[in-house]
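Overview (structure and organization)
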Number of protein chains: 2
Amino acid sequence: MSGILYGVGVGPGDPELLTLKAVRLIQQCPVIAYPAPETGESLARAIAAPHIPDGRLEIVIRTPMVAGNFPANDIYDHYAAEISNHLKQDQDVAVLCEGDPFLFGSFMYIFERLSEHFSIQVVAGVSSLGACASAAGTPLVSRNQILSLIPAPLPPAVLKTHIRSADAVAIMKVGRHLEKVRSVIDELGLTDYAQYVERATMDNQIVSPLNKLGEQAAPYFSMILIRKPEQESL
Amino acid sequence: MSGILYGVGVGPGDPELLTLKAVRLIQQCPVIAYPAPETGESLARAIAAPHIPDGRLEIVIRTPMVAGNFPANDIYDHYAAEISNHLKQDQDVAVLCEGDPFLFGSFMYIFERLSEHFSIQVVAGVSSLGACASAAGTPLVSRNQILSLIPAPLPPAVLKTHIRSADAVAIMKVGRHLEKVRSVIDELGLTDYAQYVERATMDNQIVSPLNKLGEQAAPYFSMILIRKPEQESL
């Protein structure tokens, strides 16, 4: 007998956007793991905090970012081993994940290491995509429109091709790529149809039309949504 | 003073995937509206049912489907007017919406009619996208991968172009387009990398690799996920 590994989406930031299922599993599982930066607080834990019972065993997955903003493989090897030790002792483990675990979620790195060895259940969460659209008051797609999710770190030419080909676009992880992304959108004549959203649903959320946004530093958790003019009438 | 209009995502089907915020608003708002087919039960209401207090005023937005599977405009004109009557009387109205309101959600049709006249808050929900990926055990995208959401009713040539250009693809609203979509995927040599998911997170959920799926009728709430072979290693 082994424990069950749960990948639990905790949503975009507002603790009220946790699902009932996430709350139940956070309360039930004897072991709770979550990602955190090399130093400082874990956002995923902060979102779930009101529901974590005292005395739970907690595993802090500290992931220093390496070149390209991806966590180092050996870090995840280490934590996957630690989690598997608990599963082998028949303890269920909930791994918290911001947003949705299978949409650019950090849980994937644990999943790929353990999915062949243990029973895993993934609990979908509210994604930053829906959260940003709600925050911006921008319906993204309806009817037969095509939506593309495009990571901002890609080269300008790739961004341009994919922004051009979809009806609506969400450019994720804008961060230090803000000026590059902004240039591409401008070259395509789409600046007036773009919204910038930072830390959607959190207390310090910022929403701004891209054409009103000054030169500034954008955090990793920022997104630009574009809904092309042809799509303005549903 | 007018009431506030809430667009409330109730998630993909499992009532436990409601958010805490959705539950609170469903319990608080004196008027609750939801879409329903021309005859028969409303899925959105069924998901929220455990939390709807007795004696609430309920507005059933019955939407007969016209050509192309889109609801008729005059239907939404009618219900938007009914909802606005309540808002003008300072009553808050919660409009329930399957999945996420701004991702192919029916709430958009109400939103576009009332957004200039009333205060509207949209509460993001768990989308069918994350739910299908979780059900299929298929991480969709990570790192710098591009994901496209493509409605199945589009013509084969359009489907082909967009399936080819992304790293991962979610083909939504498969329904009666199953065989057309399957042919396109087959021509692209991607059948072995595709998963079919029907009614994700509901009691009658079906998940099948596309290459094992027999000839069958697919419901409107079905999706095909493709994660291309180059993306198998995170």
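Presented here is an overview of the structure given in this document. Since the model is a prediction, treat every value here as computed from it, not as a measurement. (Residues numbered from 1 in each chain as written. Chains lettered and ligands numbered in written order. Predicted model: local features only at pLDDT ≥ 70, side-chain atom pairs only at ≥ 80, totals over all residues. Heavy atoms only, no water.)

Bringing the environment of Y196 of chain A into the picture now. Residue and element names in this part refer to chain A. Inspection of the secondary structure assignment puts Y196 in strand β8 (residues 194-198). Along the chain, Y196 and N211 lie 15 residues apart, while their C-alpha atoms are 9.2 Å from each other. With near-sequence residues (within four places) excluded, Y196 lies in contact with L178, I206, V207, S208, L210, L213, Q216, A218, P219, S222, M223 and I224. There is a polar contact of 2.6 Å between the side chain of Y196 and the side chain of E198. (Helix = DSSP H or I, 4+ residues; strand = E, 2+ residues; numbered from the N terminus. Contact = heavy atoms within 4.5 Å. Polar contact = N/O pair within 3.5 Å; in protein donor to acceptor, adjacent residues only side chain to side chain.)

Moving on, we come to the packing of aromatic side chains. Taken as a whole, this structure holds eight aromatic pairs over all chains when the rule is applied. Measuring from centroid to centroid gives 6.2 Å for F107 of chain A and F111 of chain A, while their planes differ by 55°, and the two rings are tilted. One end of the pair is F107 of chain A and the other is F111 of chain A, both in helix α4 (residues 107-114) and four residues apart, which spans about a single turn. For the residue pair F107 of chain A and F111 of chain A, the accessibility class agrees, reading buried in each case. With 5.0 Å between their ring centres and 35° between their planes, Y76 of chain B and Y109 of chain B make a pair best called tilted. Remark: Y109 of chain B occurs in helix α4 (residues 107-114) and Y76 of chain B occurs in helix α3 (residues 73-88); sequence separation between them is 33 residues. Note on accessibility: Y76 of chain B and Y109 of chain B belong to one class, buried. (Phe/Tyr/Trp six-rings, centres within 6.5 Å; stacked < 30°, edge-to-face > 60°. Buried < 20%, exposed > 50% of the residue type's maximum accessible area, 1.4 Å probe, protein only.)

Working definition: the strands of a sheet are paired by backbone hydrogen bonds and lie parallel or antiparallel to each other. Pairing is mixed in the open sheet, where ten strands are placed in the order β9(A)-β8(A)-β10(A)-β7(A)-β6(A)-β6(B)-β7(B)-β10(B)-β8(B)-β9(B). Looking at strand neighbours, the two that pair on one side only are β9 (206-209) of chain A together with β9 (206-209) of chain B, the edges of this open sheet. Here the strands of the sheet are splayed against their neighbours by 15° on average, with no regard to which way each runs. In this structure, strand β8 (residues 194-198) of chain B lies alongside strand β10 (residues 222-227) of chain B, joined through five bridges in antiparallel fashion. Bridge pairing in β10 of chain B places V197 of chain B opposite M223 of chain B. In this fold helix α7 (residues 178-187) of chain B packs onto β7 (168-172), β8 and β10 of chain B, with an angle of close to 5° to the strand it touches most, β10 of chain B. (Pairing = 2+ DSSP bridges. Axes fitted to C-alpha atoms, helices over the stretch in contact; angles between N-to-C directions.)

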